[in-house]
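Tertiary structure, described
Below are the chains, spelled out letter by letter.
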Amino acid sequence: MKNNIILKHSTKYIKTILIGLIFLIISPLLTMLIPILKMKIIDEYIAIKDYKAIINTILFIVSLHTVSHIFEWIHNKIFYTTNCKIVRDVRGDIFYHIFFSKLSDTKEYEVGDLITRTEDDIKNMSVFLIDVIVNALRNIIVTIISLAMLVYISWRISLVIFSFVIIYFLFTNFFKKKIHELSKIYIKTLSDSRNTLISLMNRIVSIKINSYEKYSYKIYDKSIVDKRDSNIKLGVMRNTGKITINYLLYLMPFIVLLMGSLMTVDKLFTIGSIIAYLDYLTKMITSLEELNELNFNFAAAKISSERINEVINLKTFSEKDELSTEINMRDISVSFNDNIILNDIEFKIKDCDKVSIIGKSGSGKSTLVDVITGNQTADNGDINFGQLKYYNGAYIPPEPYIFQGDLEDNIVLDSDFNAKKYHKVLDICLIDPHEAPYNGSLNNLSYGEKQRVELARALYKGKRTLIIDEGISNIDLNDLNSIIDNLLNLENLTLIYISHNQEIARKFPLQAKLKDKKLIFEK
């Protein structure tokens, strides 16, 4: 359980956990005397007709049960509330590492896989939640005490019970290994299925228009069949292990009943002793059943813990890091399946430079942007950003994104509101906050209007470098010319503008063209 994220977040609730721990451990211990008290009633008090002792003992047993159940309610409430807080903290930690890590580090994870890690893997790791761990500790204590009491009542019968316990551990270990292997396969098919679904749903409009429904369904159906088959194998193995081990445990009482009856006939045992022995044996069996279930769950949890730790171990950066204002690329080459996209690209942008890059579709413009932003790793070459090794500027993609909320919410986000700064970026992007469609819900914005909001958001963030990859191309031409002029007049901004529009590109003091896999700067 080294570096376990759930246990790490549990430490902040240590006082509450310790209080719950006290109630949880005391609760079963209160009832451990009850079988001995029953034995005394049957073997001693009934025989001598001591009614007072019988009544007092039964009232004492009822009192022990009552206090035990009250303690159980208290610790259940404590741990349920604490577990909810811990799970929230864990999910927040995972998302923090996803969003605050370098793009180059997270690009290998598909969306469906990240969702699986933050939802299903956390569910699998529920065995590490505090109440589960403490319950396991309690079951171990109950098992040890029960075994001791069994030996105290009859060491002869206990020798047979010990042999069953050894066999129990051997079977448990065998099935645990099998479940671990099958859990690994199932979690992978679960992630693959979710990735397929997300990919198809993101393209549902194109799929419907082009009548690709049957083929898309076939792809998704294969992924859920693989998930189903792996889930069946995992479920069958779990059930086989559970039934086998439970059968072994349920044989024990009959062995005790047989040996105890024979010993009672020979006056080596009493009826009260049989009842007390069976009570302690039942407590032990119940504890072993719960421990067995936990052991099986631990097999899957170990896989999930490893997957979550991959995300948690991603190196994060803070927005307080130095902002990149320079971009230096040297001998950058990128290829896909032996098809060269970029070849020996030389690219140097100084602080506050304004450069436009044009090129035909497929010339490598988007690939160049991906290399700069870290979404694509170059096959060869070096790239740096002044003293930084990663891009820490702003980026406006072709597809704009609108958050829930009004115009101010979408531009300011979680930054401090500055009225002067806010209205300045609105003026740059030619947005009038008092007129439709910006003065209400943003659900009805056109594509170009959404692009204006995306640009205003990036400018308000205050990054010193801005890359626009066709990100404002749907704004009408007259307004687009004005917005570009406004951006070019920003003295403290380093700007890279990617476009097909040669007229707009010629406005820039530095102009480059991607042609024949090379980046050529015009003089």
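Throughout what follows, the structure given in this document is the object of discussion. Please read all numbers here as calculations on a predicted model, not as lab measurements. (Residues numbered from 1 in each chain as written. Predicted model: local features only at pLDDT ≥ 70, side-chain atom pairs only at ≥ 80, totals over all residues. Heavy atoms only, no water.)

A few words now on the side chain of Asn-83. If you trace the backbone, Asn-83 turns up in helix α4 (residues 51–99). You can call Asn-83 buried: its relative accessible area is 8%. When neighbours within four sequence positions are excluded, Asn-83 is seen to be in contact with Leu-129, Ile-130 and Asp-131. (Helix = DSSP H or I, 4+ residues; strand = E, 2+ residues; numbered from the N terminus. Buried < 20%, exposed > 50% of the residue type's maximum accessible area, 1.4 Å probe, protein only. Contact = heavy atoms within 4.5 Å.)

With that out of the way, let us pick up the pattern of salt bridges. Per the counting criterion, the structure on display carries 16 salt bridges. For Asp-89, the salt bridge goes to Lys-12, with nearest N and O atoms at 3.5 Å. Placement of the pair is Asp-89 in helix α4 and Lys-12 in the loop between α1 (5–10) and α2 (14–29), with a sequence separation of 77 residues. Linked by salt bridges that have partners in common, Lys-12, Arg-88 and Asp-89 make up one network. (Salt bridge = Lys/Arg side-chain N within 4 Å of Asp/Glu carboxyl O.)

A few words now on the environment of Lys-188. As for its placement among the helices and strands, Lys-188 is situated in helix α9 (residues 155–202). Here Lys-188 falls in the exposed class, since its relative accessible area comes to 52%. Separated by 68 residues in sequence, Lys-188 and Val-256 place their C-alpha atoms 46 Å apart.

So, about helix α6 (residues 111–118). With six of eight residues buried, α6 is to be regarded as a mostly interior element. Of the residues making up α6, those classed as buried are Gly-112, Asp-113, Leu-114, Thr-116, Arg-117 and Thr-118. Looking at the packing, one finds that the buried side of α6 touches α4, α7 (120–124), α9 and α12 (271–312).

The subject of this paragraph is a nonpolar patch on the surface. Together, Leu-197, Met-201, Ile-204, Val-205 and Ile-209 line one region of the surface with nonpolar side chains, adding up to about 470 Å² of accessible area. Contributing elements (two or more residues each) for the nonpolar patch: α9 and α10 (204–209). (Patch = residues over 30% accessible without salt bridge, like charges linked within 9 Å, V, L, I, M, F, W, Y side chains within 5 Å. Areas by Shrake-Rupley, 256 points an atom, 1.4 Å probe, with all protein chains shown as cover.)

Here the focus is the side chain of Lys-365. Looking at the element boundaries, Lys-365 is found in helix α13 (residues 365–373). It is Glu-470 that comes nearest to the buried, bridge-free Lys-365 among opposite-charge side chains, at 5.3 Å. For Lys-365, the residues in contact, after removing those within four places along its chain, are Ile-357, Ile-358, Gly-359, Lys-360, Glu-470, Ile-498, Ser-499, His-500 and Leu-514. (Lys, Arg positive; Asp, Glu negative; His and termini not counted.)

Summed over the entire model, instances satisfying the criterion amount to nine aromatic pairs. On the numbers, 5.0 Å between centres and 70° between planes, the contact of Tyr-168 with Phe-169 is edge-to-face. The class of Tyr-168 is buried, set by a relative accessible area of 2%. Look at Phe-347 and Phe-521: their rings are 6.0 Å apart centre to centre, the planes differ by 45°, and that puts the pair in the tilted class. You can see Phe-347 sitting in strand β2 (residues 339–349) and its partner Phe-521 sitting in strand β9 (residues 518–521), a full 174 residues away along the chain. (Phe/Tyr/Trp six-rings, centres within 6.5 Å; stacked < 30°, edge-to-face > 60°.)

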